[in-house]
Structure formats: C-alpha cells, structure tokens
Amino acid sequence: MVLVNSAGNSNYAYPEQPGTLATATDANGNLILGGRVIIVGSYDINTNSVASYSNRAGNICHTLAANGSCADKYRISDFYILAPGNAFTASKTGDLYNIQTGTSQAAAVVSGSVAVINQMWPYMKGENIVKLLMTTANKNLAGYNPEVHGQGLLDLEKATRPVGTMTIPTTGRTGVVAVNGSFATNTSGGLSSLSSKLSSVVVLDSFGRDYRMNLAQNASAKVARVDFNPITKANYFSDYNPYSRLNTYTYSGSARTGDYDVKADLNGYTNGAQFEMGKTTKYSDNTNVRLGMGFLTEHNAWMGNSVGGMFGEVGQSYTQFFNFTGNHRLNKNVTVFGSAWVGQTTADMTSTGLVTNIGSTQSYSWNVGADYTHEGHSFGATVSQPVTVYKGSVDVTLPVAMSAEGVVQYSKERVSISPDVHEYDFGAYYKYKTASLGLIAYGEHQVNYLNQAGVTNNLVGLALNKEW
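A brief report on the enclosed structure follows. (Residues numbered from 1 in each chain as written. Predicted model: local features only at pLDDT ≥ 70, side-chain atom pairs only at ≥ 80, totals over all residues. Heavy atoms only, no water.)

## Notes on the overall build of the chain
Formally: Numbering of helices and strands runs from the N terminus, with a helix taken as a DSSP run of H or I at least four residues long and a strand as a DSSP run of E at least two residues long. C-alpha atoms define the radius of gyration in this analysis, and the globule rule sets the expected value at 2.2 Å times the number of residues to the power 0.38. Exposure is judged per residue with a 1.4 Å probe applied to protein chains only, and the accessible area is read against the type maximum: over 50% gives exposed, under 20% gives buried, and values in between give partly exposed. Residue contacts are counted whenever heavy atoms from the two residues lie within 4.5 Å of one another. Positive: Lys, Arg. Negative: Asp, Glu. His and the chain ends are not part of the count. Taken as the charge location is NZ of Lys, CZ of Arg, CG of Asp or CD of Glu.
If you tally the helices and strands in the chain, you get 6 helices and 27 strands. Here the C-alpha atoms of the chain give a radius of gyration of 35 Å, more than 25% beyond the 23 Å that 2.2 N^0.38 yields for 468 residues. Looking at the 468 residues of the chain, the share that counts as buried comes to 46%. Long-range contacts, defined as pairs at least 24 residues apart, comprise 62% of the intrachain contacts of the chain with a sequence gap of at least 6. Distance between charge centres in the chain, computed from 31 positive and 32 negative side chains, equals 3 Å.

The following block contains the structure:
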C-alpha cells in the first residue's frame, strides 16, 4: 500500500497535515509508515513552476538538536513530488466531467501512476514504488531546490524504464549477475539452437523489476581463428597439427630419434601447454604412415569455446587427441597425403551463470592433398576441415518469466554445441627451396567460415627464408 497525500493549497513553504506522517519515526528511528507515503505538490505546466497556491517541500522538524538545528533523520523533501494539478479533468457522477484545480488533483495523477507501476510489477513493495517515483522524477527544473520542489516533477514514462544496472537472475531475484559477457566460439555452434528463448531472457533492474532482453547474439559470438601459418599449411604431412591452433605458445621445442618424434609447446603467460609424440613407419619406399597422440590444456576455454560474465567462467580444460597421417608417392613427381585427428575434452567451470555445466566434448579434423614437385619447385592443393566439435553439450538455465508474486521461472536445457554446418577449406601452395633460399606461398578459400552457413573467407600468406 502507498499513501498519497496532497500537500495543500495554502501557498505555505511546507505541506499541511497529515504530511508529517511521512517522516515520523519510532523510538528506534524507523519510519512508522515504512517509507510508503508520497506528498504531492501541484505543478503549473503553463509557467513551468510550482503552482502559486501549492504548498512546498519545506521540512517540519520533529526533533531539535541542542544547538537548535533540526536533528530529523528524514525530511519532507525525501517524500515530496510534483505533478500537474491545474485545470484537472475527471469523471463526475451522472456521466459528466468536472474540471478542478489543486494539489488534490495532482495527488490523483500520482495515485494513478502508483497503480500503473503496481499493475506492471505487482510484486513491488510500496516503499519501493515510492523510491522509484522519487528516483525517476525530473529534477531538471528552473531553480531546482529540494526544499521547494522535493524530488522533482513526476515522470511516469521514465519510471517504467529500467533503472540502474541490469542484471540476470541466476538464483531468484537476489542471486544475480551483470548483463555482460558472451558464449564465444570458433569450433562449435554455440547456443544457436536456443535462439528463440535467448531472444527474450528475463533481466532485472536495480529495483528488481523484470524486463526482457535479447541475448541471442551474445550466445553465438564468433571469434576469428589466428591459426593461419603458410609454413605449416603448406607442410601438412610434416608440421601441421590443427589442435595446436587452439592456443598461442611462447616456447616450443622438438626432438627426433629414429622413427620417433616429440614436441612440446608452452604459453608462459597462461600456462597453456601442448605435448605431442608420434612414430613414423615406412611401409615401402613410397609410403609413410605416422601414428601420434598428445594432449593440450587451454586457459579460460575449451576447444576454442569460451564463456564469460553472465554465462559463467571456465578455468582450464584438458584435451587428449590422436592422429593418423600418411603420404604416398605415386611417381617421382606426385605425392598424395592426408591426415585425420580426433580428440576428447573435459572442462572445469570456476563459476556458473546461464551455463551451469560443460559436458565432455568430442572433436575432429582432417585434410587431404596432392603435391607435384620438380627441380625444387612444388605445387600443391589441399582440402581440409579445421577442428570441429561433433559431439558436446552444455547445461543452460535461462530465466524466462516472472510470476505476479515475483518468483523467477526458469527453463533448464541441455544444449548441443555441435555446429549445424561445417567449414571446409580449399588451399593451394607453391614452394621453392635451394641450399640458401626457402620460399612458401599459400592461399586458402574457406567455405562456411567459422561454421556459419554461406559465409566465406579468403587468406593468403607468404614466407621467405634466406641464409647467408
């Protein structure tokens, strides 16, 4: 309940009784009426000033200090608001209309505003409705003075808009997180299958009022890969590891003994690391096969996917991968090659948000190609698929509605993050090598780039190495 009280029409500097009930406190200093009182003065919209007859927002002191100053904890101006009250038209018994002027008419405007707010958010407490109307009142008034204008002129339109920082309720109206962050990916489909529900997620303003916000774009943000390296792309058989492109590394080292090779990479800033080992078997003079395995850790991500802010936070993830790579020389000039990679990833969440759990994620990558080499010149063509999630899910809890009692209603979903379409990359390279010179040029046309249907991307690169 909100008590709306007209300030009076005596042109006093303070409101008439019972206006002082708004600031009356008990022996413990608590408001007797709990802040559920509004005192209304009349505003003249023709002169843009307080109506000449209206009582103002001056304080009537309850408690005097020893030095004669007012020791009141609350002041009249804390609960005083202005509203139009001149030539006010209202219904009258007998299907007629009546035109009157005064603070009683201004009080009717405020009472109607309280009713509108209560209808829109029926779970709001009376004291919060009062605070809302006071907070959103227009203080951009000529010569604004709280002792005259109180909290300003009623602005119902502003009062219906969100106030303060918007948050997402994760555990009712009290457990909230700020509306920021995203579900970003370059290997999966994100939360695209939830686009309809994400387009109308319940968010709360600083008064705990529910609004709707479209978060679909935040849940499928695409992050461009930084894996394009013409040297490794043009050396698929010997150098290329698609899983290594999920991290950036500051230190690398490798070693080979006989048919066995090992490589380790480390990012000294994030502690992301990768270790890989393999064995190459020569089946014939023309055919080589390599079997490999390894693992990598990612920081704040899993398989190139990351969540942040309102979606939660991921600490580290751990991926095991296996690969089969082979090449076969058809004749002295032409060699065909290919590889297949599979991996499985587990991730730990350091905090939850809309995403509450990340399941085990399976991924794969492959490439095939052909190379023609003659007198130090090599020409080649490749077809490949970057690392792609083929099986994986996350658990999502979305606030989708608010009851009249203020209870947040949630929709809980287990969402596949496998993309709807897959990216395919078509590449071509040229290599030339002598004892002192190495040249590599590589270009690639990427179809359904970052698993986005119909989106293409083109990359070219050049590497030149000269020794003296």
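## Brief notes about the sheet that holds strand β17 (residues 306-307)
Note the following rule: In this analysis, strands are considered paired if DSSP registers two or more bridges between them.
Taken in spatial order, the 3 strands make up an open sheet running β12-β9-β17, and their pairing is mixed. The sheet is open, and its two edges are formed by β12 (221-222) and β17, each paired on a single side. One ladder, built from 2 bridges, connects strand β9 (residues 183-185) with β12; its direction is parallel. Residue pairing in the sheet places A184 in a bridge with A221 of β12.

## Describing the pattern of salt bridges
Condition: By definition, a salt bridge exists where a carboxyl oxygen of Asp or Glu is found within 4 Å of a side-chain nitrogen of Lys or Arg.
By the definition in use, this model includes 9 salt bridges. Between R212 and D210 there is a salt bridge; the shortest N-O distance is 3.2 Å. Residue R212 is classed as partly exposed on the basis of its relative accessible area, which comes to 41%. What you see here is one network of salt bridges that share partners, running through D261, E276 and R290.

## Focus: helix α1 (residues 103-120)
Formally: Helix span, expected: 1.5 Å multiplied by one less than the number of residues in the helix.
Taking 1.5 Å per residue, 18 residues should reach 26 Å; α1 reaches 26 Å between its end C-alpha atoms and fits that length. For α1, every residue scored as buried is listed here: T103, Q105, A106, A107, V110, S113, V114 and I117.

## Some points on the sheet that holds strand β24 (residues 408-416)
Note the cut-off: Axis definition: a line fit to C-alpha positions, over the contact stretch in the case of helices; interaxial angles, taken between N-to-C directions, run 0 to 180 degrees.
Spatially, 3 strands are ordered β20-β23-β24 in an open sheet, and the strand pairing comes out antiparallel. The strands lining the two open edges of the sheet, one partner per strand, are β20 (355-358) and β24. Ignoring which end each strand starts from, the neighbouring axes of this sheet average 20 degrees apart. Here strand β23 (residues 393-402) runs beside β24; their pairing, made up of 9 bridges, is antiparallel. The partner of L398 across the bridge, within β24, is S411.

## A word on helix α2 (residues 126-136)
Here α2 has its buried residues at G126, I129, V130, L132, L133, M134 and T136. Residues of α2 that are buried sit in contact with β2 (37-44), β4 (80-84), α1 and α4 (156-159).

## Focus on the state of the cysteines
Going by this rule: What counts as a disulfide here is a pair of cysteine sulfur atoms lying within 2.5 Å.
Under the counting rule described, the total for this entry stands at 1 disulfide. The side chain of C61 participates in a disulfide bridge whose partner is C70; the two sulfur atoms lie 2.4 Å from each other. Torsion about the S-S bond of the C61 and C70 cystine: about 100 degrees, corresponding to right-handed handedness. You can call C61 partly exposed: its relative accessible area is 33%.

## Topic: the packing of α1 against α2
Applied cut-off: Throughout, a crossing is termed right-handed when the near helix is turned clockwise from the far one, and left-handed when it is turned anticlockwise from it by less than a right angle. In this count, Pro and Cys sit with the nonpolar residues alongside Ala, Val, Leu, Ile, Met, Phe, Trp and Tyr, while Asp, Glu, Lys and Arg are called charged and the others, Gly among them, polar.
The geometry of α1 relative to α2 is characterised by a closest axis approach of 11 Å and an angle of 115 degrees between their N-to-C directions. The two elements α1 and α2 meet at a crossing, and its hand is right-handed. Two secondary-structure elements touch here, α1 through V110, V114, I117 and N118 and α2 through I129, L132 and L133. Grouping the constituent residues of the contact of α1 with α2 by class yields 6 nonpolar, 1 polar and no charged.

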